[in-house]
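Take a look at the letters that make up each chain.
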Amino acid sequence: MRIRELFQLGRPVFSFEFFPPKDEAGVAPLFDRIRELRKLRPDFVSVTYGAGGSTRHRTVDLVTRIQKEIGLTAMAHLTCVGHTREEIAAICARLRAAGIMNVLALRGDPPKGQTQSQAVEGGFRFASELAAFLRENFDFTLGGACYPEKHVECADAEADLANLKKKSTPASSSS
């Protein structure tokens, strides 16, 4: 199911967010917890990309298993930090092949040891660029994130709101 359809039902939407385990030993206990939490009937679940992308290789596998084995609608977090466009396209192709229709497009935290996020050559610097790429090339329901008090790197609330609109509005639309 597409998460945007859940928000059109006119009722509260309930979800859980999971962090990928750091190693294979953590996968079975995670799935035990997800099976227990399934009883609470969340509308969907999401799986993060790990701090600085440290566990990002597990995200696609986890959302796929959650959706297929447990039967919950899953959303994959996807960050552009450290990825080229080609790598993003390959990850998205895997998600689509697995039947995942929901992606949370994020910039992501700077890699460990760095204080500022910078695009790799052939990559994206901002989540808005990632979202535009995903809209142009894939048929996902996209989510975006914002900070209630404004992003720490943003000059003011108005600029922060303008950046949020870039993530959520196709380039050809006016806002």
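Scroll up a little and you will see the structure.
By convention here, each chain's residues receive numbers from 1 onward along its written sequence. Where totals are concerned, whole chains, interfaces and linings use all residues; where local detail is concerned, this predicted model gives features only for residues with pLDDT of at least 70, and gives and counts side-chain atom pairs only at 80 or more. With hydrogens and water excluded, all non-hydrogen atoms of the structure serve as input to the side-chain values.

Draft legend 1. Up close: the packing of helix α4 (residues 85–97) against helix α5 (residues 127–137). Angles run from 0 to 180 degrees between N-to-C directions of axes, and those axes are lines fitted to C-alpha atoms, restricted for helices to the stretch in contact. The helix and strand labels rest on DSSP assignments: H or I over at least four residues marks a helix, E over at least two residues marks a strand, and numbering proceeds from the N terminus. At their nearest, the axes of α4 and α5 sit 11 Å apart, and the two run at 55 degrees to each other. When the axis of α4 is compared with that of α5, the two are oblique. Along this stretch, α4 crosses α5, giving a crossing that reads as right-handed. Contact residues: Arg85, Ile88, Ala89 and Cys92 in α4; Leu130, Phe133 and Leu134 in α5. Residue type decides the class: Asp, Glu, Lys and Arg count as charged, Ala, Val, Leu, Ile, Met, Phe, Trp, Tyr, Cys and Pro as nonpolar, and the leftover types, Gly among them, as polar. Of the residues in the contact of α4 with α5, the class split is six nonpolar, no polar and one charged. Any angle that falls under 35 degrees is termed roughly parallel, while one over 145 is termed roughly antiparallel, one within 65 to 115 roughly perpendicular, and all others oblique. For any helix crossing, the convention is left-handed if the near helix is rotated counterclockwise from the far helix by under a right angle, and right-handed if that rotation is clockwise. Contacts are residue-level and defined by heavy atoms, with any inter-residue pair within 4.5 Å sufficient.

Draft legend 2. View of the packing of α5 against helix α6 (residues 157–168). Between α5 and α6, the shortest axis-to-axis distance is 7 Å and the interhelical angle comes to 20 degrees. Judged on the interaxial angle alone, α6 and α5 are roughly parallel. The hand of the α5/α6 crossing is left-handed. Only Lys166, Lys167 and Ser168 of α6 make contact with α5, whose side of the interface consists of Ala127, Ser128, Ala131 and Arg135. Residue classes in the contact of α5 with α6 are distributed as two nonpolar, two polar and three charged.

Draft legend 3. Structural view of α5. In this scheme, a residue with accessible area under 20% of its type's maximum is buried, one over 50% is exposed, and one in between is partly exposed, where area comes from a 1.4 Å probe on protein chains only. Of all the residues in α5, the buried ones are Ala127, Ser128, Leu130, Ala131, Phe133 and Leu134. Of the surrounding elements, those touching the buried residues of α5 are β3 (74–79), α4, β4 (102–106), β5 (141–143) and α6.

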